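Here are the chains, one letter per residue:
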Amino acid sequence: RFLSVWLTASVLAATAQQMPRIPFVRNYSASDYNAQVRNWSVVKDDRGILYIGNNRNLLTFDGNQWRKIVINNTIVRSLALGKNNRVYVGAQGEFGYLAPDSIGNLRFVSMAAVIPEADRKFSDVYSLHTSGDTLYVHTLFRVFRITGKQVESWKTASSYHRSFLIGGRYYLIQERIGLMRLGKNGFQLVPGGERFNNYDFLSMMVPVNNGKILVGIQRKGLFQFDPAERDPRKAISEFRNESQDYLANNEIGRAHV
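Below is a summary of the structure that appears in this document.

The rules behind these values
- Residues numbered from 1 in each chain as written.
- Predicted model: local features only at pLDDT ≥ 70, side-chain atom pairs only at ≥ 80, totals over all residues.
- Heavy atoms only, no water.
- Core = buried A, V, L, I, M, F, W, Y, C linked by side-chain atoms within 4.5 Å.
- Buried < 20%, exposed > 50% of the residue type's maximum accessible area, 1.4 Å probe, protein only.
- Helix = DSSP H or I, 4+ residues; strand = E, 2+ residues; numbered from the N terminus.
- Contact = heavy atoms within 4.5 Å.
- Polar contact = N/O pair within 3.5 Å; in protein donor to acceptor, adjacent residues only side chain to side chain.
- Salt bridge = Lys/Arg side-chain N within 4 Å of Asp/Glu carboxyl O.

Section: the nonpolar core
In this structure, Tyr-171, Leu-179, Leu-202, Met-205, Val-215, Phe-225 and Ile-236 are the most contacted members of the largest nonpolar core, which totals 16 residues. Sorting the residues of this core by element identifies β15 (164–166), β16 (169–174), β19 (202–207), β20 (213–217) and β21 (221–225) as the ones contributing at least two each. Non-local contacts of Val-215, meaning those with residues more than four positions away in its chain, are made with Leu-202, Met-204, Met-205, Gly-221, Leu-222, Phe-223 and Phe-225. Residues Ala-80, Leu-128, Leu-135 and Phe-144 belong to the second largest nonpolar core, which totals 14 residues.

A word on the side chain of Arg-162
Structurally, Arg-162 is set in the loop between β14 (150–155) and β15. Looking at Arg-162, its side chain comes within polar contact range of the main-chain oxygen of Ser-203, at 3.4 Å.

What about the pattern of salt bridges?
Using the criterion set out here, one finds 12 salt bridges in the structure. In this structure, Asp-133 and Lys-83 form a salt bridge, with 3.1 Å as the shortest nitrogen-oxygen distance. With Asp-133 in the loop between β11 (125–131) and β12 (134–139) and Lys-83 in the loop between β7 (78–81) and β8 (87–90), the pair connects residues that are 50 residues apart, well separated along the chain. For Asp-133, a relative accessible area of 57% gives the class exposed. A salt bridge links Asp-245 to Arg-240; its shortest N-O distance comes to 4.0 Å. Overall, the relative accessible area of 51% leaves Arg-240 in the exposed class. When salt bridges with common partners are traced through the structure, they connect Glu-238, Arg-240 and Asp-245 into a single cluster.

See below:
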């Protein structure tokens, strides 16, 4: 098991026309970054610094040196990059952001206190998303939307899946219900969303042409979702391709544009 980092440099440009455009890849083992083997999430800030959510705390990598930021010695499952290069961190029973201390070292600043005390006993933060000044926090049984000091929340059926924010709309799968979209009146089933009500795991949602969204479901493969289509028979269709059977049998993990 390795953490793979793709590195590019301007010095490669001179030979770009003479060689295939294959990125330079280096694999780092757990002994290289001195942490546990499993990593859950990765983001990169505008300076090129990588932030990796590890099974124990948070790692940073500047291309040369690995550093560790302690987040209560818990699993860091989710990360998100917000305005002004702010890195948000979701851990177990905790979430917040990174900020420099008096000597410039990054430290974790908890935001959990903004959540009403009655809702504060959550476990893992499975996904984080930002939109302007708004932060979405996705936990097992509740989703929080935080804008400044204003906190809204919605109770969900048990949902340990990933969630996605695409085109300003927030999506997740709820067990035994299907693919849901957050609207003015809370979470509502999207047209055809009941297709994924059998404990299906939402692995990816990627915007593609014509406003449509490519959806990846573990053990089922790829589907195409049209957010503008109201007919449940047409809104979600299987995305047939040469790799569909392979993806269905080998479980899609995640994808990035």
